Every structure is written in structure tokens, then in C-alpha cells.
Amino acid sequence: MPRYPTRAWRAFDPRRSAPDAPQPLPAECAGLRVLGLDPGSRITGFGLIEWREGQWRHLAHGCIAVPSAEALAVRVRRIFEQLSALVSEHGPSEVAIERVFVNRNVDSALKLGQARGAALCAVPHGVAVFEYAPRAIKLALVGSGAAEKRQVAHMVRALLGLEEHLGADAADALAVALCHAHSRSMARLAAAHGVHPNGSVLGR
């Protein structure tokens, strides 16, 4: 697992730490709606925020829960249908999703991969999808890649000004969205100072 050069979340760009990071982001990002997804074969968390000139605004969050007693094919279809309806209702500009963490349980990893595939298929053509590793998300919000879920949830509530309790899946989904918004902010700051996202100076 890669080691990160800094523990200051405000100075951290999670895209630069991932070997398969998405293409560089354009600087123009006013009024950006980001849908964060935390996919699961039984519970898929979602969180929608609007990012405008460095300010985050909470729009919606929740979970898509499917009965574990149902066949996997039925659960996957339900995830696809409900996320399709969610995307149609809110019209996100971009989607950010948590990268799959593969553990020793191969069966669980395969089920998670299918749920993730269903979630990605629900994203319409033309809406960009960005992927972030769990460690990068935690580091971007809390300042530590080994942060606990309760710490992530606390920072999500603080950044979005939420007083209500957040379920773990919804909190993780909002955290992915905030991580992407922070990545956008860093890209814009870099462009404003003539620095390319890969660290080189533009025009040199």
C-alpha cells in the first residue's frame, strides 16, 4: 500500500496517490453536483452534495437496502433500478465511488464487485465517474488514512453542518463525495498557480 507524503488533509490530493487516478480535472467547477457512492451487495450508501467556489452544501443522503434473503441477481437489479431513479431525480454532474477493497473472502469480494457494477451501470452516458481508495478518502477528510468510521462520520457532519446522526454507509458515501470535491478544489488551485496536477509547472 502506498505511503502518503503528508498527513495534512487540506494539502492532500488523493488523485496523485492512486496509481490509476482519473484524468486531470478542469478548473471550471462552479455549481458541481457530486454523487458519492459506497456500494455493497446488501446496503449501498449514497450521498449528494453541491460544491460551489469551495463551499459544500448537503443535498441528500441515504441507503439502498436489499434483503439478503433474495437471490444475488434480484439484489443487483434492485440496486441498479433504485440508483437509476436517484440519478434521474437529482441529475448529478459527476459520480465518485469508493474503490473495492478485496479481503480474504473471495465470495464477498465477488458479490461486492457485482453490486459495484450495477451501481456503475446506473450512471448515464456523459456523467464522469471517479474512483478513490478508502485510505485516500480517510486521509482527505480526517488527515489519517487509518481513521475510524466514527471519525470520518464526525468530519462529514462538521463539513456539511449536519446535526443528525449518519448511518455508516451514508456517511461513507458523503465522504467519497467530499473527497472528490476536495480533489476538484486542489486541481483548481493548482491551475490558478500554473501547476499541472502531475506536479510540473504548466508551459515548461
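Rules of the game
Residues numbered from 1 in each chain as written. Predicted model: local features only at pLDDT ≥ 70, side-chain atom pairs only at ≥ 80, totals over all residues. Heavy atoms only, no water. Salt bridge = Lys/Arg side-chain N within 4 Å of Asp/Glu carboxyl O. Buried < 20%, exposed > 50% of the residue type's maximum accessible area, 1.4 Å probe, protein only. Axes fitted to C-alpha atoms, helices over the stretch in contact; angles between N-to-C directions. Helix = DSSP H or I, 4+ residues; strand = E, 2+ residues; numbered from the N terminus. Parallel < 35°, antiparallel > 145°, perpendicular 65-115°, else oblique. Left-handed = near helix turned anticlockwise from the far one by under 90°. Contact = heavy atoms within 4.5 Å. Nonpolar A, V, L, I, M, F, W, Y, C, P; charged D, E, K, R; others polar. Polar contact = N/O pair within 3.5 Å; in protein donor to acceptor, adjacent residues only side chain to side chain. Pairing = 2+ DSSP bridges. Expected span 1.5 Å × (residues − 1). Arc of directions from axis to C-beta.

Draft legend 1. Structural view of the pattern of salt bridges. Inspection of every chain in the model, using the stated rule, returns seven salt bridges. Between E148 and R150 there is a salt bridge whose closest N-O contact spans 2.9 Å. On the accessibility criterion, E148 (42% relative accessible area) is partly exposed. In this structure, K149 and D172 form a salt bridge, with 2.4 Å as the shortest nitrogen-oxygen distance.

Draft legend 2. Region of interest: the packing of helix 4 (residues 134–142) against helix 5 (residues 149–160). Contact pair helix 4 / helix 5: the axes reach a minimum separation of 9 Å and the direction vectors enclose 50°. One element, helix 4, and the other, helix 5, form an angle in the oblique class. The crossing of helix 4 and helix 5 is left-handed. Together, K138, L141 and V142 of helix 4 and Q151, V152, M155, V156 and L159 of helix 5 make up the contact between the two elements. For the contact of helix 4 with helix 5, the residue count by class is six nonpolar, one polar and one charged.

Draft legend 3. Representation of the side chain of T44 within the structure. Within the secondary structure, T44 sits in strand 2 (residues 43–52). At 3.1 Å, the side chain of T44 forms a polar contact with the backbone oxygen of G40. In contact with T44, other than residues within four places in its own chain, are D38, P39, G62, C63, I64, I79 and L83.

Draft legend 4. Just the pairing of strand 2, in detail. Burial of strand 2 is extensive: eight of the ten residues sit out of reach of the surface. Alignment of strand 1 (residues 32–38) against strand 2, held across seven bridges, turns out to be antiparallel. Residue pairing in the sheet places L37 in a bridge with F46 of strand 2. Taking the residues between adjacent antiparallel strands as the criterion, strand 1 and strand 2 are bridged by four residues. Where strand 2 lies against strand 3 (residues 55–65), ten bridges are found, and the strand directions are antiparallel. Of the residues in strand 3, the one forming a bridge with I49 is H58.

Draft legend 5. Main features of helix 2 (residues 72–90). Spanning 19 residues, helix 2 covers 27 Å between terminal C-alpha atoms, matching the ideal 27 Å at 1.5 Å per step. Taken residue by residue, helix 2 has L72, R75, V76, I79, L83, L86, V87 and H90 as its buried positions. Taken around the axis of helix 2, the buried residues stretch over an arc of 95°, which confines them to a single face. Away from its buried face by more than 90 degrees, helix 2 exposes A73, S88 and E89. Contact partners of the buried residues in helix 2: strand 1, strand 2, strand 3 and helix 3 (106–121). G91 sits one or two positions beyond helix 2 and adopts a positive phi of about 55°.

Geometric descriptors of this kind do not, in isolation, establish any biological role.
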